[in-house]
Amino acid sequence: MGAKRIRRDLREAMDLGRPVLARRRLWKADHLEGFVVGVDRSWALLHLVRDVDLIGWSAVRLDTIRDVEHQDHGFLGRALALTGARPGMLDVDLSDLPPLLRSAARRFPILTLYTEARDPSVCAIGRPQRIGARSVTFLDISSEAEWADDTRGIRLDDVTRVDLGGRYEDVLHRLAGYPPIPG
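Everything in this summary refers to the structure shown in the same document. The structure displayed is predicted, hence computed values, not measured ones.

**Let's talk about the nonpolar core**
So, step 1. With 25 residues, the main nonpolar core has L101, V162 and L164 as its most contacted residues.
So, step 2. Elements with a contribution of two residues or more to this core: β3 (43–50), β4 (53–61), α3 (97–107), β6 (111–114), β7 (123–131), β8 (135–140) and β10 (161–164).
So, step 3. With five residues, the single largest contributor to this core is α3.
So, step 4. Beyond its immediate stretch of four places on either side in the chain, L101 contacts L111, L113, I131, V136, L156 and V162.
So, step 5. Formed by 16 residues, the second largest nonpolar core is a distinct cluster that contains A13, V20, V39 and A44.

In structure tokens, the structure reads:
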């Protein structure tokens, strides 16, 4: 499926308010299930669904999507209505990765960056410190909710997905607070 078709299918699902399953091109990368809440030239934003709950958002690079399957809204729609959950729009800039990271970091204290083409089993969880044209300087937070002592660079070309607003990131932030200010 070509990029134009992927973009068209995502926009159609967004306009109809239908959930999708976005299958990925990348070896062992997660397929993403959710409601499309934004589409631009290179990135799409999905409000993710797991079981019958909305669990945060994922911005995904369009060239990593193999195909998009529109799903039946029946049971999921009724289940979400029962709990009062509704897919939410999110004001993030999907025009390119640097503005996406900047706008997401203004709204959420912790982001998860995936470099799935390099290694689908690894992600970076933390806070961008500096966002350049080719890389992001990133401060990691551990699974024990402790901020790293030093930052590391991540090439923007390697980033295939950005998760934000998830429960795990929220709990890490609540436990660790904002990162320390360099002295």
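**Quick word on the environment of L10**
So, step 1. Counting through the fold element by element, L10 comes out in helix α1 (residues 3–16).
So, step 2. A relative accessible area of 0% means that L10 is categorised as buried.
So, step 3. Beyond its immediate stretch of four places on either side in the chain, L10 contacts V36, V39, A44, L62, I65 and V68.

Conventions used here
- Residues numbered from 1 in each chain as written.
- Predicted model: local features only at pLDDT ≥ 70, side-chain atom pairs only at ≥ 80, totals over all residues.
- Heavy atoms only, no water.
- Core = buried A, V, L, I, M, F, W, Y, C linked by side-chain atoms within 4.5 Å.
- Buried < 20%, exposed > 50% of the residue type's maximum accessible area, 1.4 Å probe, protein only.
- Helix = DSSP H or I, 4+ residues; strand = E, 2+ residues; numbered from the N terminus.
- Contact = heavy atoms within 4.5 Å.

Any functional reading would require information beyond the geometric quantities listed.
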